[in-house]
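Structure at a glance
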Amino acid sequence: MMYYIMKVAITTILIVLISEIAKRSSFWGAVLASIPLISVLAMIWLYVDTKDIDKISALSTGVFWLVLPSLALFVTLPILLKQGVGFYLSLMVSLIVTVVCYWGMVSILNHYGIKL
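1. Here we look at the environment of Asp 52
Within the secondary structure layout, Asp 52 lies in the loop between helix H3 (37-50) and helix H4 (53-82). For the pair Asp 52 and Lys 82, spaced 30 residues apart in the sequence, the C-alpha separation amounts to 45 Å. A polar atom in the side chain of Asp 52 sits 3.0 Å from the backbone nitrogen of Asp 54. A distance of 3.2 Å separates a polar side-chain atom of Asp 52 from the backbone nitrogen of Lys 55.

So this is what it looks like as structure tokens:
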């Protein structure tokens, strides 16, 4: 149980730290947020928990393919915000667009025999 609390604490602290840094500097917040910290932490936790290199490799491959459609969020959100759409509506629409892009990517990958 203590191990899980430590995992949650470390992950949470990193996310809060990045958001606090972003309050002071958008640039440094973006730099830190763009580093795949969550993916790296997930791989570390998966390795510590399972020592299964195949699972880590599969996770890494899945993250690679799914980073591409996730970029839709970072294109859609600023466009909507600059058009004067409210933050929460912009975020919701951007998330919907991102989910559609995820679905499209998974469909394309399945079509070509790539299983995530």
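Moving on, there is more to tell.
2. Let's talk about unusual backbone geometry
Positive phi values are uncommon outside glycine, yet Lys 51 reaches one of about 55°. Structurally, the position occupied by Lys 51 is in the loop between H3 and H4.

3. Quick word on H3
What sets the pattern is the α-helix's 3.6 residues per turn: residues three or four places apart point alike. If you check H3, its first and last C-alpha atoms are 20 Å apart, about what 14 residues at 1.5 Å a residue would give, namely 20 Å. For H3, the secondary structure elements touched by its buried residues are helix H1 (2-24) and H4. Phi turns positive, to about 55°, at Lys 51, one or two residues after H3.

4. Topic: H4
Taking 1.5 Å of rise per residue, the 30 residues of H4 would be expected to cover 44 Å, and the 44 Å separating its terminal C-alpha atoms lies within 8% of that figure. The largest bend in H4 is about 40°, located at Val 67, with the proline Pro 69 one to four residues further on. For H4, the complete set of buried residues consists of Ile 56, Gly 62, Pro 69, Ser 70, Ala 72, Leu 73, Thr 76, Leu 77 and Leu 80. Of the surrounding secondary structure, the elements contacted by the buried residues of H4 are H3 and helix H5 (87-111). Capping the start of H4, Asp 52 holds a side-chain oxygen 3.0 Å from the backbone nitrogen of Asp 54, two or three residues further along. Positive backbone phi, at 90°, marks Gly 84, one or two positions downstream of H4.

5. Focus: the packing of H1 against helix H2 (residues 26-34)
The description of two helices packed together rests on the angle between their axes and the distance between the axes. At a minimum axis distance of 6 Å, the contact between H1 and H2 shows a crossing angle of 155°. On the basis of the axis angle, H1 is roughly antiparallel to H2. Contacts from Ile 18, Ile 21, Ala 22 and Arg 24 of H1 reach H2 at Ser 26, Trp 28, Gly 29, Leu 32 and Ala 33. Split into classes, the residues belonging to the contact of H1 with H2 amount to 6 nonpolar, 2 polar and 1 charged.

Cut-offs applied
Residues numbered from 1 in each chain as written. Predicted model: local features only at pLDDT ≥ 70, side-chain atom pairs only at ≥ 80, totals over all residues. Heavy atoms only, no water. Helix = DSSP H or I, 4+ residues; strand = E, 2+ residues; numbered from the N terminus. Polar contact = N/O pair within 3.5 Å; in protein donor to acceptor, adjacent residues only side chain to side chain. Expected span 1.5 Å × (residues − 1). Contact = heavy atoms within 4.5 Å. Bend = angle between axes of the 7 residues up to and from the residue. Buried < 20%, exposed > 50% of the residue type's maximum accessible area, 1.4 Å probe, protein only. Axes fitted to C-alpha atoms, helices over the stretch in contact; angles between N-to-C directions. Parallel < 35°, antiparallel > 145°, perpendicular 65-115°, else oblique. Nonpolar A, V, L, I, M, F, W, Y, C, P; charged D, E, K, R; others polar.

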